[in-house]
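Below, each chain spelled out in residue letters.
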Amino acid sequence: MIRIMIVDDAAFMRESIKLMVKDEGFEVVAEAVNGLDAVAKYDDCKPDVVTMDITMPEMDGIDALKAIKQKDPGANVVMVSAMGQEPLIREAVLSGASNFIVKPFAKPKLIEVLSSFGK
Amino acid sequence: MDGKGGICVSNSFIDEPMLEAYVYETSQIIENLETLLLESERENSFSEEGLNEIFRFMHTIKGSSAMMMFNGISVLAHRLEDIYFVIREEEDVTYGFTELVDLSLEAVDYFKVELMKIKNSETADGDNEELIDSLMVYLDKMKSDNGLGAKGDKKQPAAKAAEQEAQKYYIRPSNEEKAEADYYSATVRFKEDCEMEDIRSYTIVHNIVDLVEEIFHTPEDIIDNEEAAAYIKANGFSMVIKTTCEEAVIKEYLNKTIFLESLQFQAIGKDAFELFRPQVTPETVKEDVKVPKSSKMYKEKPKVAKDTSVSLNQSIISVNVDKLDSLMDMVGELVIAEAMVTQNPEVGNLEIESFEKAARQLHKITGEMQDMVMAIRMVPLSTTFMKMHRIVRDMCKKLSKDVDLEVIGEETEVDKNIIEKISDPLMHIIRNSLDHGIEDSETREMMGKPAKGTVTLEAKNSGSDVLVIIRDDGKGLNKEKIYEKALTNGLVDRSIEDMSDREVYSLILAPGFSTKEVVTEFSGRGVGMDVVSKNIESVGGNVLVDSVEGEGTSIILKIPLTLAIIEGMNIRVGSARFTIPIMSIQESFRSENNEVFVDTDGNEMIMVRGICYPVLRLHEFYDVDTGITSFDEGILIMVEEDDRSCCIFADELLGQQQVVVKSLPEYVKKYKKIDGLGGCTLLGDGSISLILDVGELRLSEPRRAAGI
């Protein structure tokens, strides 16, 4: 079981990801609705990998990524981005994002990215 | 597994719950978006927070809709996102505010229509080309007006800077001249549809620096360069590496690349490696590699924002209304079952103290449960009221009138099912007020009124009802005109003197009545106030009209808090049981036979405290066999609705009880329309009681009309 935490302010996206990883060997251990929430929950659940939306209220995904990386340099964070956010993805990669996935994405892609974080 | 479906989402993924979640969330976002736009319009500018929020809304709509393959919505949201992005990014950018709000609202309308189609399982195929073109034109104009370059925008310089920075971390100075290095060349090919190949390559380079001494790659510029992505797609991403690490380590690292299609890896000589060295001597700066400047906003955002909304967001879940409906039903059954047990006559005879204690406890809990279920179903009227802002805004623009919408008591809560049914009537009434009621500014000023008209939308609780009052300060209703019109349309057969003001005004609710000859775009499309009245009646409410000529009109919608449970008085007639809503009952009393007299039409009447009330013998009305036909043996119950009353004659009162209203079975309704029945309910002993709809009974004329 790969333990994942889903961070997205849109309930629909959280649901989508949850549905896609269902029965594929993942366990969703936490969901967060913005960066602050994610940083707070990260310590509690210590997931194997985090899917991190970029555009969110309160604290965006890049800042949350940085905060998580600071707490746990070994954290695996996959950015969930959209077309047009290329500069932000670069910043995320420089800040320690393990990978990224571009919306809209299909299930096989998501699984492929997330599977690489199996222990 | 290679996802050949391009950017499409595999079909197995689009199933009901996903679609539901999408429609639900997107509808909410659109509603919030609309409210925010209208608020901004009133303020005549976007607040910083507002802009951020609008941008995020567009971003989310774009992303979610793209996931669901609703491209029309996604593309439109994307265009708007682009515009708001520039406004948010660029300080002191000038832009046409009004035009942008108009365009955004137009987009909101488009989203709404498409969502409605999606909800109804139709194809979301609305044409938005024109709107998209307008948005492109708008964006281009805004950019050129502000000297931002037609296509590039600010990203360019930032990217350039980043590019130069990027050149710098080719070399690890700390490891310089350590042992002898090996040289390799590697070409990575990505899977066909992985997208953003340039950034993926960038990721490889960025993460490999710990393993290599030097690395050069082709294409060189992998930062914000669309051509690079295309090049990598076609030719793969090639690197030459100088490293002191084992070959296997490097190879393993590259093989772990996600979306790797193939990896060519081979050892090369130093000379071959040097061929790749760029002509510019790279500076040996490292470690503190500068992050490519993205955009200022992501930098300036406070690290620690207020953490209030975090928990707020999470403590709310959305539940399908159907589930609530069935929960409500079940709790209703539970209440009945409880009564069946605790009021079981056999048990009652036993007089067991512990049983009574337990029964009381059970009663308390079921009562609380019922209250809670009701509370869950209650939603504030605010969303419905908010929609009206939009109506008023659009109408004002089209009719060139200046009208304020004042909203009072929008926090008032009403059962969810009822709210859905009053939205259309409200809209219609407000349109009427603006179209027919409120005069244009000049006329208003001539009459000594403020130039700006006001429509007030107020909600308040009143007993088990909620009153929604729509008041305008327009020209009011003309009693004579209404009467004349009603007369010519054959809607009235009494003389105007015989009718109260309210009665005359109520004529506008009659089917086939419409005083405006000219049909305008907004109101009077053949559907009149009668539809409003019908809609409100269908949820058990009613409509009252009040008006003062020259000063304005009030339309009062009286709607029940809920349809599901009422406080009722159970009565018996022969072997039949009836339930009268407590709210309608004025009093009940015994009377002597000689107090009842017969009027000239043969109707029985009774005089109570100087007022005459018609008497309704339920046993006659519903043809029920009973031994009690004399007034001194039974009981009279005075009921009232809208100032109209009558006295119902029944055998006896059985007691007061909360009853769960069930509508009459369809087959009964189809078989015969029975006057005066609002539904039925199950009593504690398992028998069925018919709920009387007092408004439908034979009632007296309103007291005011009778001149009392």
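I will try to describe carefully the structure that is included in this document.

Calculation rules
Here the residue index of a chain counts from 1 through its sequence in written order. Chains carry letters from A onward and ligands carry numbers from 1 onward, assigned in written order. For this predicted model, a pLDDT threshold of at least 70 governs which residues receive local features, and a threshold of 80 or more governs which side-chain atom pairs are given and counted, while totals over whole chains, interfaces and linings are taken from all residues. In computing side-chain properties, one takes all heavy atoms of the structure into account and sets aside hydrogens as well as water. Helix numbering and strand numbering both begin at the N terminus, where a helix is a DSSP run of H or I of at least 4 residues and a strand a DSSP run of E of at least 2. Throughout, exposure labels follow a simple rule: accessible area from a 1.4 Å probe, protein chains only, divided by the maximum for the residue type, with under 20% read as buried, over 50% as exposed, and the rest as partly exposed. In what follows, a contact means two residues having at least one pair of non-hydrogen atoms within 4.5 Å. Buried Ala, Val, Leu, Ile, Met, Phe, Trp, Tyr and Cys residues that are joined via side-chain atoms within 4.5 Å together make up what is termed a nonpolar core. Here, a salt bridge means any Lys or Arg side-chain nitrogen found within 4 Å of an Asp or Glu carboxyl oxygen. By this rule, a helix spans an expected 1.5 Å times one less than how many residues it contains.

1. Quick notes on the overall build of chain A
For step 1, the next point in the chain: Within chain A, the regular secondary structure consists of five helices and five strands.
For step 2, the next point in the chain: Its helices and strands taken in sequence order, chain A reads β-α-β-α-β-α-β-α-β-α from the N to the C terminus.
For step 3, the next point in the chain: Considering chain A as a whole, with its 119 residues, one finds that 71% of them fall into the buried category.
For step 4, the next point in the chain: Here the analysis covers contacts within chain A between residues at least 6 apart in sequence; of these, 63% occur between residues at least 24 apart.

2. So, the side chain of His 389 of chain B
For step 1, the next point in the chain: Note that His 389 of chain B resides in helix H16 (residues 382-399).
For step 2, the next point in the chain: For His 389 of chain B, a relative accessible area of 13% gives the class buried.

3. Looking at unusual backbone geometry
For step 1, the next point in the chain: The linkage connecting Lys 103 of chain A with the following residue, Pro 104 of chain A, adopts the cis geometry, with an omega of -5°.
For step 2, the next point in the chain: With respect to the helices, strands and loops of the structure, Pro 104 of chain A is situated in the loop between strand S5 (99-103) and helix H5 (107-115).
For step 3, the next point in the chain: A positive phi angle, close to 65°, is found at Asn 44 of chain B, a residue other than glycine.
For step 4, the next point in the chain: By the secondary structure assignment, Asn 44 of chain B is in the loop between helix H1 (16-43) and helix H2 (48-67).
For step 5, the next point in the chain: In this structure, Arg 609 of chain B is a non-glycine residue whose phi angle is positive, near 45°.

4. So, the nonpolar core
All names here are of chain B.
For step 1, the next point in the chain: Among the nonpolar cores identified, the biggest contains 123 residues, and Tyr 84 and Phe 111 are the most heavily contacted of them.
For step 2, the next point in the chain: Here Tyr 84 is in contact with Leu 37, Phe 46, Leu 51, Ile 54, Phe 55, Met 58, Leu 100 and Ser 104, once residues within four sequence places are set aside.
For step 3, the next point in the chain: Counting 47 residues, the second-largest nonpolar core is a separate cluster that includes Met 388, Val 392, Val 492 and Tyr 505.

5. Some details on the pattern of salt bridges
Side chains bearing opposite charge may pair, as long as their charged atoms lie close to each other.
Residue and element names in this part refer to chain B.
For step 1, the next point in the chain: In this structure the tally under the stated criterion is 41 salt bridges over all chains.
For step 2, the next point in the chain: Between Glu 49 and Arg 56 there is a salt bridge whose closest N-O contact spans 3.9 Å.
For step 3, the next point in the chain: Looking at Arg 56, the relative accessible area reads 10%, which means it is buried.
For step 4, the next point in the chain: Residue Lys 449 is joined to Glu 439 by a salt bridge in which the shortest nitrogen-to-oxygen separation is 2.8 Å. Residue Lys 449 is found in the loop between helix H18 (441-446) and strand S8 (453-462), and its partner Glu 439 is found in the loop between helix H17 (416-437) and H18; the two are separated by 10 residues along the sequence. Accessibility classification places Lys 449 together with Glu 439 in one group, the buried group.
For step 5, the next point in the chain: In this structure, a network of salt bridges that share partners links the residues Glu 34, Glu 41, Asp 102, Asp 109, Lys 112, Arg 390, Arg 393, Asp 394 and Lys 397.

6. Regarding helix H13 (residues 321-342) of chain B
For step 1, the next point in the chain: For H13 of chain B, spanning 22 residues, the distance from its first C-alpha to its last is 31 Å, which sits close to the expected 32 Å at 1.5 Å a residue.
For step 2, the next point in the chain: Check the buried side of H13 of chain B and you find it contacts helix H15 (353-377), strand S12 (565-573), strand S20 (652-660) and strand S21 (677-682) of chain B.

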